[in-house]
Amino acid sequence: MRVAGRGFLLGCALLLGAGCASPPPISEFSLVAPRRGVVKPEILQRGVEGEWCFSQNLIAVTLRPPWQARLADTGRAVAAALEKVEGANVLTDVVTKVRIEQYLLFQRSCAIVFGDAGRIE
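Residues numbered from 1 in each chain as written. Predicted model: local features only at pLDDT ≥ 70, side-chain atom pairs only at ≥ 80, totals over all residues. Heavy atoms only, no water.

**Here we look at the pattern of salt bridges**
The condition that has to hold: The salt bridge criterion pairs a side-chain nitrogen of Lys or Arg with a carboxyl oxygen of Asp or Glu, the two atoms within 4 Å. Helix numbering and strand numbering both begin at the N terminus, where a helix is a DSSP run of H or I of at least 4 residues and a strand a DSSP run of E of at least 2. Any residue under 20% of the maximum accessible area for its type is buried, any over 50% is exposed, and the rest in between are partly exposed; the area is computed with a 1.4 Å probe on protein chains only.
A full pass over the atoms with the stated rule returns five salt bridges. Salt-bridge contacts for Glu51 lead to Arg99; the nearest nitrogen and oxygen are separated by 3.4 Å. Here Glu51 is found in strand S1 (residues 42-57), whereas its partner Arg99 is found in strand S2 (residues 90-102), with 48 residues between them in sequence. The exposure class of Glu51 is partly exposed, given its relative accessible area of 33%. Given a relative accessible area of 31%, Arg99 falls into the partly exposed group.

**A look at the pairing of strand S3 (residues 106-119)**
As a reminder, the rule being used: The pairing criterion for strands is at least two bridges between them, as found by DSSP.
Taken across its 14 residues, S3 has ten buried, putting it largely inside the fold. Relative to S3, S2 is paired through eleven bridges, and the arrangement is antiparallel. Residue pairing in the sheet places Ile100 in a bridge with Ser109 of S3. Hairpin geometry of S2 and S3 is characterised by an intervening segment of three residues between the two adjacent antiparallel strands.

**Observations concerning the sheet that holds S2**
What counts, and what does not: Axis definition: a line fitted to C-alpha atoms, limited for helices to the stretch in contact. Angles are taken between N-to-C directions and run from 0 to 180 degrees. Here, residues are in contact when the closest pair of their heavy atoms is within 4.5 Å.
Reading across from one edge, S1-S3-S2 is the order of the three strands in this open sheet, with antiparallel pairing throughout. Two strands bound the open sheet, and with one partner strand each, they are S1 and S2. Averaged over all pairs of adjacent strands, the angle between strand axes in this sheet comes to 10°, irrespective of strand direction. Bridge count for S1 against S3 is 13 bridges, and the pairing is antiparallel. When the bridges of S3 are listed, Cys53 appears paired with Cys110. Across the face of the sheet, helix H3 (residues 74-83) comes into contact with S1, S2 and S3 while running at roughly 135° to S1.

Structure (structure tokens):
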């Protein structure tokens, strides 16, 4: 009886471990710094905003396990902000926000970034 109990516990541990693989990254950044002045880009435009949104059916959101939740993608919002300024390849002094709008049968999630668009050679 004790051997069977150990096998059961081992089997449960393996099943739980199988579902704990790291998910693919949501966003990838090539440079992030907590302080100003680490890089000194040429500022092309101040106060640039970028936004990336997606909508989901509320039934699917409710039934989906939490570890498979779809999250707002800040990387795509940064790319949207940089596309607004010709020649920009860096966003500095960045503020990020997430906005979730609930409607009757769906929800909309948005990643929003504000910052100064610049260029680093």
